[in-house]
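Letter by letter, the chains look like this.
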Amino acid sequence: MKKRLLSALLALALVFVLLPTTALAGVTTGSDYDISINGKKYVFSDSETCYFKSSFTTTEPSSPYLKLTKNSNTITVTVSGYVTVSDINVHNNFSTQDKINLIITGNKGSTLNIECKDTYGAALETYQSGDITIKGGITVNANFSADNTDKYTDCYGISASKNLIITGKGTTVNAVNADDAAAVKVDGNITVSDGAQLKATNKYSKKVTNYTGNAYAIECGGLSISGNNTKVTADTSNGKQAISGTVRDGDNLTFK
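Here's what I pulled together on the structure shown here. Since the structure is predicted, the reported quantities are computational estimates derived from the model, not experimental observations.

**Quick notes on the packing of aromatic side chains**
Scanning the entire structure with this criterion turns up four aromatic pairs. Seen in terms of ring centroids, Tyr42 and Phe44 are 5.0 Å apart; in terms of plane orientation they differ by 75°. Their pairing is edge-to-face. Phe44 matches Tyr42 in its accessibility class, with the two residues each being buried. In textbook terms, an aromatic cluster arises when at least three aromatic residues are bridged by ring pairs, as seen for Tyr42, Phe44, Phe52 and Phe56.

Written as structure tokens, this is what we have:
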């Protein structure tokens, strides 16, 4: 009798082992995705909430983690605690050509570190997509630490296809690039307001030539600075012009 029971239990265990596991619905390896973190890609259902710690999940993990929601054409990333990832990329849908905006927010004291060392791209990027907004008193550190000059690729700390908006007391953004492209590259305009601070540092120390990139600290269409205690710092190590773009309210702008 005991042998029969043991055999039955072993057979049942084997059945459970052989059952197919269910992957999280939004995870994809395709070319169409909404956001990627640490190289892992995700496609949202509208108004869906998910989380990211070491991978995407629908179950809220223990802190630190990222909470992600998508409404219409905007993804909001809420940072809980001190989170470090290797890259964040928001991507337009090639099939529908939808442009996706990204909002990064969190409670005061929350920190998002984005450390990237790759052959192309950016630590934080909206690729052929929409705006990046950083707010809520959060600290965001976006560091691209590779020098890819010999690979003839453009790499950035932060890259926004449209506009970059940094706003709110205590909101602090530090963007660093070791490559021969800008630390912050924005195709549209940068707006820093209401007590927020942006520091962009280009650490490319070699001589910039016609055969290398534009190693600016900030490259944009226009830069607007407004509000008490709002500050922008642009720092380069190569003698290159620190900012490419039209600056409004230069009293709150510091060059190093």
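**Section: the side chain of His91**
Structurally, His91 is set in strand β9 (residues 88–91). You can call His91 buried: its relative accessible area is 5%.

**Some words on the pairing of strand β4 (residues 49–52)**
Across four bridges, β4 lies against strand β6 (residues 65–71) in antiparallel orientation. Each bridged residue has a counterpart across the sheet, and for Tyr51 the counterpart in β6 is Lys67. In this structure, β4 lies alongside strand β5 (residues 56–57), joined through two bridges in antiparallel fashion. Across the sheet, the residue bridging to Phe52 is Phe56, located in β5.

**A short note on the nonpolar core**
General note: in soluble globular proteins, nonpolar side chains tend to be found buried as a group. Counting residues in hydrophobic clusters, the biggest one holds 55 residues, and the most contacted among them are Ile35 and Ile218. A per-element tally of this core places strand β21 (residues 218–226) first, with four residues. Excluding its chain neighbours within four sequence positions, the residues that come into contact with Ile35 are Lys40, Lys41, Tyr42, Phe44, Phe56, Leu68, Ile75, Val77, Ile88, Asn89 and Val90.

**Considering the side chain of Asn89**
With respect to the helices and strands, the residue Asn89 is situated in strand β9. Exposure remark for Asn89: the relative accessible area of 10% places this residue in the buried category. Here Glu125 takes part through its side chain, which lies 2.8 Å from a polar atom of the side chain of Asn89. With residues up to four places along the chain from it excluded, the contact list for Asn89 reads Tyr33, Asp34, Ile35, Ser36, Glu125 and Tyr127.

About the criteria used
- Per chain, residue numbering runs from 1 following the sequence as it is written.
- Local features in this predicted model are restricted to residues whose pLDDT is 70 or higher, and side-chain atom pairs enter the listing and the counts only when it is 80 or higher, whereas totals over whole chains, interfaces and linings include all residues.
- Just so you know, side-chain values use all the structure's heavy atoms and leave hydrogens and water out.
- Ring pairs shown here join Phe, Tyr and Trp side chains whose ring centres sit within 6.5 Å, with only the six-membered ring taken for Trp; geometry is labelled stacked below 30 degrees between planes, edge-to-face above 60, and tilted in between.
- Using a 1.4 Å probe on the protein chains alone, a residue whose accessible area is under 20% of its type maximum counts as buried, one over 50% counts as exposed, and one in between counts as partly exposed.
- Secondary structure is summarised from DSSP: a helix means a run of H or I of at least four residues, a strand means a run of E of at least two, and numbering begins at the N terminus for each.
- In short, DSSP must find at least two bridges between two strands for them to pair.
- Note on terminology: a nonpolar core comprises buried Ala, Val, Leu, Ile, Met, Phe, Trp, Tyr and Cys residues joined through side-chain atoms within 4.5 Å.
- Contact between two residues is taken to exist if any of their heavy atoms lie within 4.5 Å; hydrogens are not considered.
- Here a polar contact means two N or O atoms within 3.5 Å. Within protein one must be a hydrogen donor candidate and the other an acceptor candidate, and residues neighboring in sequence count only if both atoms are side-chain atoms.

Take it as geometry only, folks, not as evidence of what the structure does.
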